[in-house]
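Given next are the chains, with one letter for each unit.
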Amino acid sequence: MNLALSDEQELLREAARNALGRVKTVEAARAALETPGSLPDLWPTAIEAGWTGLTIAEGRGGAGLGAFEAMLVAEECGRVLAGVPILGHVLATYVLDRCGYEDLESLAHGERRAAFVAARPPDEDNEDWTVDALRGKRRAVAPTVDASGSLAGGAWWVPDAPGADVLVVAATRDGDPVAVVVEEPAVEEAGRYDATRSLGHVTLDGVRGTVLDAGHDALANAWYLAQALLAAESVGAVEACLEMAVAYAKERFTFGRAIGSYQAVKHALTEILRRQENARSLLLYAGWAAEDRPEEFPLAASAARAAAGSALGHAARTNISVHGGIGATWEHDAPLFFRRAELTERLLGGTHDAIDRVAEELITQAG
């Protein structure tokens, strides 16, 4: 197994970094805390870079790439806290491409934007497809759809739902999973701790949509792809936290020495690196498994999400600690990455749900 990136993948990652480097996204993230809705519109950047059609087949107007490439782009977005509404769009088009949706070309070219209302697949403890609840830890039952295409239920904290032209809803019909396409959805924008992450609450009672027979595998894989993309964003943010902390440890002097020369600071920075590389290794394996070992993708994606989420939480806190008092102030960038870590830990099932899924899979295999 060779997990080294190909020349094309290296070029994609470099191009993504260059494209995002044209906008001061971290500065914009700070400004958005005081002025909600002031984030720069990066959708034109996504269109120009071809990210809008990443997972859509070339014959339908897309780039014909896979989960691995989408993860590389997500990693670069996480590295600079870029508020690109690409997470929901990639997931939605991933499902639509696999269930024969006809009007994919406009989505591939970015003329319309989609978002995915994800549902967590059943497991041994819960036989239902579920979505994140508005409040509390107990998950809510996924939306349902009847034979006429009328939906019931809702979904909360849906990534990139505000402003989307199309929603792809993971729903159930008579207990079986289906995808429902909702045009011109009504979405309530949700207040959030991380201003760079667009989230929305979706009410679907009485809403009519087009039912597509996506099937269990496509919708379950979309859920795990979401876990992998969040893991990729987290790995990128961990890398940024480490770079920030190392740079400060070299330039901040106390008692005539750079603080990076003290053993306690060295150990703290090394622990960030250890967790980062562990998460990156699992992420690379998840990207490989998505294409070459699909039966292992659910476990690989969950493991990457668990490791990357833990790594980002640790890196964000350690970065603030290394910076001392200045690191906790409103003016510094370190708290912005802490906000991203806190929200990511809870989004789409959360890090703890991924850990539970890994434990369940391993126990099942052992049995």
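Check the entry above for the structure.
Caption draft 1: Region of interest: the pairing of strand E8 (residues 176-183). Burial analysis of E8 places six of its eight residues in the buried class, the great majority of the element. Relative to E8, strand E7 (residues 166-173) runs antiparallel, the two sharing eight bridges. When the bridges of E8 are listed, Ala170 appears paired with Ala179. Here E8 pairs with strand E11 (residues 210-212) via three bridges, running antiparallel. Across the sheet, Val180 pairs through a bridge with Val211, a residue of E11.

Caption draft 2: A look at the sheet that holds strand E6 (residues 154-159). Ordered by their spatial adjacency, three strands build an open sheet running E6-E10-E9, and the pairing between neighbours is antiparallel. Because the sheet does not close on itself, it has two edges, and the strands there are E6 and strand E9 (187-189). Shown here is a sheet whose adjacent strand axes are inclined to one another by a mean of 25°, direction ignored. With four bridges connecting them, E6 and strand E10 (residues 199-203) associate as antiparallel partners.

Caption draft 3: Quick peek at the side chain of His332. With respect to the element layout, His332 can be found in the loop between helix H9 (297-323) and helix H10 (334-344). Looking at His332, the relative accessible area reads 17%, which means it is buried.

Caption draft 4: Just helix H11 (residues 350-366), in detail. For H11, which comprises 17 residues, the first-to-last C-alpha distance of 25 Å matches the rise-based estimate of 24 Å (1.5 Å per residue) to within 8%. Gly350, Thr351, Asp353, Ala354, Arg357, Val358 and Glu360 are the residues of H11 that are buried. The inward-facing, buried residues of H11 contact helix H7 (215-251), H9 and H10.

Caption draft 5: Quick look at the packing of H7 against helix H8 (residues 263-292). Contact geometry for H7 and H8: axes closest at 10 Å, N-to-C directions at 155°. In terms of orientation, H7 and H8 fall into the roughly antiparallel class. Here H7 runs over H8; the crossing is left-handed. Taking contact as the criterion, the partners of Ala228, Ala231, Ala232, Val235, Val238, Glu239, Leu242, Ala245, Val246 and Ala249 in H7 are, on H8, Val265, Leu269, Ile272, Leu273, Gln276, Ala279, Arg280 and Leu283.

Analysis parameters
All residue numbers here refer to positions counted from 1 along the written sequence of the relevant chain. Reporting of local features is limited, given that this is a predicted model, to residues whose pLDDT is at least 70; pairs of side-chain atoms are given and counted only at 80 or more, and all residues count toward the totals for whole chains, interfaces and linings. With hydrogens and water stripped out, all remaining heavy atoms of the structure feed into the side-chain values. Burial here depends on accessible area, computed with a 1.4 Å probe over protein chains only, as a share of the maximum for the residue type. Under 20% is buried, over 50% is exposed, and the range in between is partly exposed. In this description a helix means any DSSP run of H or I spanning at least four residues, a strand means any run of E spanning at least two, and both kinds are numbered starting from the N terminus. Any two strands with at least two DSSP bridges between them are considered paired. Here an axis means a line fitted to C-alpha atoms, over the contact stretch when the element is a helix, while the angle between two N-to-C directions is reported on a 0 to 180 degree scale. Expected helix span is given by 1.5 Å per residue-to-residue step, counting one fewer step than there are residues. By definition in these notes, contact holds between two residues if any of their heavy atoms fall within 4.5 Å. In these notes the angle categories are as follows: under 35 degrees is roughly parallel, over 145 is roughly antiparallel, 65 to 115 is roughly perpendicular, and the rest is oblique. For a crossing to be left-handed, the near helix must be turned anticlockwise from the far one by less than a right angle; the clockwise case is right-handed.

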